[in-house]
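Listed below are the residues making up each chain.
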Amino acid sequence: MCRGGIKHMEILICRQGLFGGTDKLLDRLYGWLKGENYSVDICCLSETEMDRLRRCYELVIIPSSQLGNLYELSNRGIRIKRVLMWIMGMGAFSDAYYNYPASSFFDKMLQVLYKKEAEAALKWLLRKRAVVFTDSVGIYNTFQVFHMKCSDTCQENIVPIAINVPSEKLYPSHDNRKSLINISWIGRVSTDFKEIPLRHLLQDLDDWARTQNAEVEFTIVGDGDALERIKKEAENVSYRVNFIQNIPYEKLNKYISENVDLLIAMGTSALDGAKNGCPTVIITPVRAADPEKVHYRWIYDSKGCSLGEYPDIDLKTGQRRVEFGKIMEEFFADANVSDKSFEYAGRFDQEKVFAELMRRELPGEIDREMWVHAKRFQKMKKKKMTMKKILSRIKR
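Residues numbered from 1 in each chain as written. Predicted model: local features only at pLDDT ≥ 70, side-chain atom pairs only at ≥ 80, totals over all residues. Heavy atoms only, no water.

**Student:** Just give me the short version of the sheet that holds strand β9 (residues 262-265), but keep the residues and values in it.
**Tutor:** Note: strands within a sheet are paired through backbone hydrogen bonds, in either parallel or antiparallel orientation. Pairing is mixed in the open sheet, where six strands are placed in the order β8-β7-β6-β9-β10-β11. Each of the sheet's edge strands pairs with one partner strand only, and the pair in question is β8 (240-244) and β11 (296-298). For this sheet the average axis-to-axis angle between neighbouring strands, irrespective of direction, equals 25°. Bridge count for strand β6 (residues 180-186) against β9 is three bridges, and the pairing is parallel. Note on β9: the bridge partner recorded for I183 is L262. (Pairing = 2+ DSSP bridges. Helix = DSSP H or I, 4+ residues; strand = E, 2+ residues; numbered from the N terminus. Axes fitted to C-alpha atoms, helices over the stretch in contact; angles between N-to-C directions.)

In structure tokens form, the structure reads like this:
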């Protein structure tokens, strides 16, 4: 997209306005573009923010949850020429349309209609080169949901999560002869898809420590709605478990380099360990409705830039999945796990990722078909929010 003087065209990035990895990634993109002297604004479409926006943008960059922003911006008289959607993670696109339970016949019919609309919008985005994905699992899963064929060229649409990777690792040389092993989990402690893996990890670590007569200390860094249940689980293990609800992000690198021998995480939390050279393991996410199959792999064994995927849904990428004991065996046998983790993190360096994103060919221009999709999406989004409120009241 650097051709044709894009540094002088107006770019708008639309945030979700929610705490989490999506907005952090978009904030990093905004900071990088400003540093490279691009003409760029960022907003989450609040009343005050929309008042300061320009009247015309050549390109709007959005996550999958914000397609309706095109319609809202147009209603405010802001002209948009092109859009690029960045789909971040497995199921992110379809969930943006419909993700509450379809229990009644009416709900099921709505789900069919929403799915058809989502498929039509996705086909437009693909046809106009207006969509990228953070990993291959996200691509395959999205295409699978809509029964669409995914060719090998789809890999060209991967623009991975971007982080700031230091030129040299902070982590000291990997010492696999220590008598006390400090293992950490970093990330939310939430019921969505992290509680079950964390509960299994506590047990797997306990089984291994008892079998090997190993001295272990485990620290959970994070907070969430499952924290109290995890604390109760931790009372039943043979090793010490520490809880740190929050570490300011600017202090996280120092904490990892000084206190963690092995990090077990998923998503961007795993990259926070690997970018420092900390030996890092991916644990698979598991939701309540999934079979409780929890597996592990070294981050550098990941394929297609994936940082965690639901095993029963990911049938395409062939990710390595092993038991916890195998990971610990390799931790002691391989003196290079630190260097390998650091080297792998380099693939996600923001200088490389964002430069690659801006070198892409410009998407095709928005036409009447996309304006219809954007309007429908916004109406669906409002209906979905209403349904969530109704369901939450029923649960009370």
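**Student:** Just give me the short version of helix α1 (residues 21-35), but keep the residues and values in it.
**Tutor:** Along its 15 residues, α1 runs 21 Å from first to last C-alpha, staying within 8% of the 21 Å computed at 1.5 Å per residue. When α1 is considered as a whole, its buried residues turn out to be T22, D23, L25, L26, L29, W32 and L33. Where α1 is buried, its residues touch β1 (10-14), β2 (39-43), β3 (56-63), β4 (79-87) and α13 (350-359). In the stretch just after α1, N37 is the one whose phi turns positive, near 65°. (Expected span 1.5 Å × (residues − 1). Buried < 20%, exposed > 50% of the residue type's maximum accessible area, 1.4 Å probe, protein only. Contact = heavy atoms within 4.5 Å.)

**Student:** How would you sum up the packing of aromatic side chains? Please name residues and give values.
**Tutor:** Summed over all chains, the structure comprises twelve aromatic pairs. An angle of 80° between the planes, with centres 6.2 Å apart, marks the rings of F193 and Y310 as edge-to-face. Here F193 is found in the loop between β6 and α7 (195-212), whereas its partner Y310 is found in the loop between β11 and α11 (324-333), with 117 residues between them in sequence. Residue classification places F193 among the partly exposed residues on the basis of a relative accessible area of 23%. Relative to Y300, the ring of W298 lies with its centre 5.7 Å away and its plane at 5°, an arrangement referred to as stacked. Assessed through its relative accessible area of 16%, Y300 is described here as buried. Chaining the aromatic ring pairs together yields one cluster made of F93, Y97, F146 and F377. In this structure, K231 packs its charged tip against the face of F243, placed 5.6 Å from the ring centre. (Phe/Tyr/Trp six-rings, centres within 6.5 Å; stacked < 30°, edge-to-face > 60°. Lys NZ or Arg CZ within 6 Å of the ring centre and 35° of its normal.)

**Student:** Give a description of the pattern of salt bridges that names residues and reports values.
**Tutor:** Following the criterion strictly, the structure yields 27 salt bridges and no others. Here K231 makes a salt bridge to E228, at a shortest N to O gap of 3.8 Å. Placement of both K231 and E228 in helix α8 (residues 227-234) is noted, with a separation of three residues, approximately one turn of the helix. Members of the salt-bridge network, linked through shared partners, are E58, K81, R82 and E365. (Salt bridge = Lys/Arg side-chain N within 4 Å of Asp/Glu carboxyl O.)

**Student:** Can you tell me about the sheet that holds β2, naming the residues and giving the values?
**Tutor:** Ordered by their spatial adjacency, five strands build an open sheet running β2-β1-β3-β4-β5, and the pairing between neighbours is parallel. With one partner strand each, in any of the chains shown, β2 and β5 (131-133) form the two edges of the open sheet. Within the sheet, the average angular offset between the axes of one strand and its neighbour, ignoring direction, is 20°. Sheet analysis places β1 next to β3, joined by three bridges and oriented parallel. Bridge pairing in β3 links I13 to I61.

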